[in-house]
Amino acid sequence: MEHAIAVDAVTKKLDGRQILRGVTFEVGKGQVFGFLGPNGAGKTTTIRIMLGLFAPDSGRATIMGQDCGTDRARQYLGFVVDGDGLYDNATAEDNLAYFARIYQRPASRERIREVLGLVDLADRADSPAGTFSKGMRQRLAIARSLIHDPDVLILDEPTSGVDPSAQIEIRQLLLDIARNQGKAVLLSSHNMDEVQRICDRIALLYKGEVVLSGSLDELSAHMGRGGVVVRTDGPVPQAVWGAVAARPDFGLAGEPWREPGAPLEFTPADPALVPDIVRSLTEAGARITAVERGGMSLEEMYTSIVRRDRTA
Amino acid sequence: MRQLLAVTGINLRNNMQSKALIVVFVGIGVLLVGIAGVVAGAFVLGPEADDGDSTPAELGNSLGLIGYATTVVIIGASYSVLFSVPLTRDKIRGTLESLLATPTSARQVWLGKSLALFLPGAIVGNVLALGLTLVLAYGYLGSGEVEWNGWLLLTTHVAVPLVYTGLSLVVHVAGLLGRVANANVLNVVFLPGFTATMLNLAGRGVVDAGSSAFLAINVGAAAVLVLLAVVFARKLTKERIVLSCRA
């Protein structure tokens, strides 16, 4: 199957600093793909490579099978970059008409109104973009990215600085674009909750590498879903930890005595081992208050990776 | 070509985005024309007409030089007003990056922005200078007193716009590849430098302003600027332009 976006072993050095170290991921048609990472991880550089603004040092990035940076790839691509890129003194309609002209597509009034209708701005078509709120500007930027009917949308933090109700509208719009129009949407965001709500798959970029990639379910499994969280009354003595750490099949994660109050997390090789875990802890003197099914939110996965790296 | 026109159109509008800038630009133009008219009438044309020795050709040369100086200064002033603010805003607000991510080339963006800077000043400068010289010729001196010099008219209305086309290309290469403030220094230095040099050459009689030599000097200056721009434009890539937005 041809991927809408394919980034394969892309590296990039800027100002003598290695920004990307073999970034690889794919986005399928009709998918909303979350592109995550802390500041400085290389997200914007990767996006600029996909937009054809930067050339990769090695590796390959394609949009609908066309090498990024070629005019054919750009014709398939709609985007919203950081800063929205709208002309303030031009009306919403003119902003769209300009870009339609650049893409050499007919910019009929009907088409422009239709696209503005998608983002619920048809009634503001004649207003200058400079008079719009942040949320309206972001919606207009999304409309502009859709004016030439691209197959792929790349959005760099489209809900940043937008109020909660506008965030919901934008999320719904992106889902609609992916599900009903079959477009691939790559969403770069710092908002884990947002990504968890609307993305089918994600890639977590950290220090120029994709450290996690896959569907949310796959990632949860990889990061501990299916495991068990045991909460205890008070700090876990090192002796208790030692009792369960001696059993590798229990799959104890981390070194919990180092973090007083932190629960014990297990990913047992077999779910049938859960009673044995509880028994071992009790016999070692732990006062168990709760045994819960494990599962990590995206935010927990994200912070655990970043934290693990920082403590290493 | 359609993309170049679209880029030029967007940037023309973007350059005119601030009403304050337009008011400043037009105000400077009108003020300059007014001052040039008064100074020319009181200190150049008046005495020449009063002594009765000046021929219609000499009056035509003086008028032509006044028109030349006015055009040079007004277009130069438009560059000072309309170059740095719109380009800086373009870099900061992401409009430049958005434009580069479309199927336009870095050179189309460069040419489009250069034309968008050149056109308003060239139109206003030429119209105001022409208006001033016509008012002085037919309103102040009276019809039949002036014999227009074709070389000087060509220099003013063809060569000077070419010079400023070259300058626009140069400052935009510099501004797109590096800091806008540094590129603007070229503008600031060029206007008084070029004006003073040309008026001194003509005023001191080193070169006859109404000759083909004066035209050639101006066209030569334009050629040097265009050549410089073309040489540096080879460095223009989308990556370099985007990276310059951080500067």
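Here the structure is a predicted model, which means the values were calculated and not measured.

> Can you walk me through the packing of helix H7 (residues 150-177) of chain B against helix H9 (residues 212-233) of chain B in this structure?
Relative placement of two packed helices is described by the angle separating their axes and the distance separating the axes. Residue and element names in this part refer to chain B. Between H7 and H9, the least distance of the axes is 8 Å, while the angle of their chain directions is 20 degrees. Comparing their axes, H9 and H7 come out roughly parallel. The crossing of H7 and H9 is left-handed. When its residues are assigned to classes, the contact of H7 with H9 shows 23 nonpolar, four polar and no charged.

> Mind showing me how you'd approach a negative patch on the surface here?
Taken together, the side chains of Asp50, Asp51, Asp53 and Glu58 of chain B present a region of like negative charge at the surface. Summarising the element assignment, Glu58 of chain B is placed in helix H3 (residues 56-82).

> What is the right way to look at the domain arrangement of chain A in this model?
In many reports, interface size means the accessible area that the parts give up when they come together. Partitioning chain A into structural domains gives domain 1 (5-214) and domain 2 (226-294). A straight line from the C-alpha centre of domain 1 of chain A to that of domain 2 of chain A covers 44 Å.

> Please explain the interface of chain B and chain A as it appears in this structure.
Chain B puts 27 residues into the contact, and the matching count from chain A is 33 residues. Counting the surface lost from both chain B and chain A, the interface buries some 2,700 Å², and carbon and sulfur atoms represent 56% of this. Counting across the chain B and chain A interface gives four salt bridges. On inspection of chain B and its partner chain A, the count reaches nine residue pairs in polar contact (both at pLDDT 80 or more). Elements with a contribution of two residues or more to the side of chain B that touches chain A: helix H1 (2-15), helix H4 (84-93), helix H5 (95-100) and helix H10 (238-244) of chain B. Ranked by residues supplied to the side of chain B that touches chain A, first place goes to H1 of chain B with eight residues.

> Could you clarify how one ought to interpret the sheet that holds strand S9 (residues 201-206) of chain A in this entry?
Backbone hydrogen bonds are what pair the strands of a sheet, in a parallel or an antiparallel way. All names here are of chain A. Within the open sheet, the six strands sit side by side as S6-S7-S8-S3-S9-S10. Their pairing is mixed. Lying at the two open borders of the sheet, with one neighbouring strand each, are strand S6 (77-80) and strand S10 (209-215). On average, each strand axis in the sheet is inclined to that of its neighbour by 15 degrees, with strand direction left out of account. Bridge count for S9 against S10 is six bridges, and the pairing is antiparallel. Pairing of Leu205 across the sheet is with Val210, part of S10.

> Any chance you could explain the packing of aromatic side chains here in plain terms?
Remark: the centre distance and the inter-plane angle together describe each pair of aromatic rings, the angle taken between the planes. All names here are of chain B. Taken as a whole and assessed by the stated rule, the structure comprises eight aromatic pairs over all chains. Arranged with centres 5.2 Å apart and planes meeting at 70 degrees, the rings of Tyr79 and Tyr164 form a pair that is edge-to-face. On the criterion of sequence distance, the pair formed by Tyr79 in helix H3 and Tyr164 in helix H7 is long-range, its members being 85 residues apart. Each member of the pair, Tyr79 as well as Tyr164, carries the same accessibility label: buried.

> I keep staring at the pairing of strand S2 (residues 17-27) of chain A and nothing clicks. Help me out?
For a regular strand, the rule is simple: side chains alternate between the two faces of the sheet. Residues and elements named next belong to chain A. In the sheet, strand S1 (residues 5-14) pairs with S2 via eight bridges, with the strands oriented antiparallel. When the bridges of S2 are listed, Lys12 appears paired with Leu20. Linking two consecutive strands that pair antiparallel, namely S1 and S2, is a turn of two residues; a positive phi of about 50 degrees is found at Asp15 within it.

Rules used throughout
Residues numbered from 1 in each chain as written. Chains lettered and ligands numbered in written order. Predicted model: local features only at pLDDT ≥ 70, side-chain atom pairs only at ≥ 80, totals over all residues. Heavy atoms only, no water. Axes fitted to C-alpha atoms, helices over the stretch in contact; angles between N-to-C directions. Helix = DSSP H or I, 4+ residues; strand = E, 2+ residues; numbered from the N terminus. Parallel < 35°, antiparallel > 145°, perpendicular 65-115°, else oblique. Left-handed = near helix turned anticlockwise from the far one by under 90°. Nonpolar A, V, L, I, M, F, W, Y, C, P; charged D, E, K, R; others polar. Patch = residues over 30% accessible without salt bridge, like charges linked within 9 Å, V, L, I, M, F, W, Y side chains within 5 Å. Areas by Shrake-Rupley, 256 points an atom, 1.4 Å probe, with all protein chains shown as cover. Salt bridge = Lys/Arg side-chain N within 4 Å of Asp/Glu carboxyl O. Lys, Arg positive; Asp, Glu negative; His and termini not counted. Charge placed at Lys NZ, Arg CZ, Asp CG, Glu CD. Domains from an automatic or database assignment. Contact = heavy atoms within 4.5 Å. Buried area = accessible area lost by both parts, 1.4 Å probe. Polar contact = N/O pair within 3.5 Å; in protein donor to acceptor, adjacent residues only side chain to side chain. Pairing = 2+ DSSP bridges. Phe/Tyr/Trp six-rings, centres within 6.5 Å; stacked < 30°, edge-to-face > 60°. Buried < 20%, exposed > 50% of the residue type's maximum accessible area, 1.4 Å probe, protein only.

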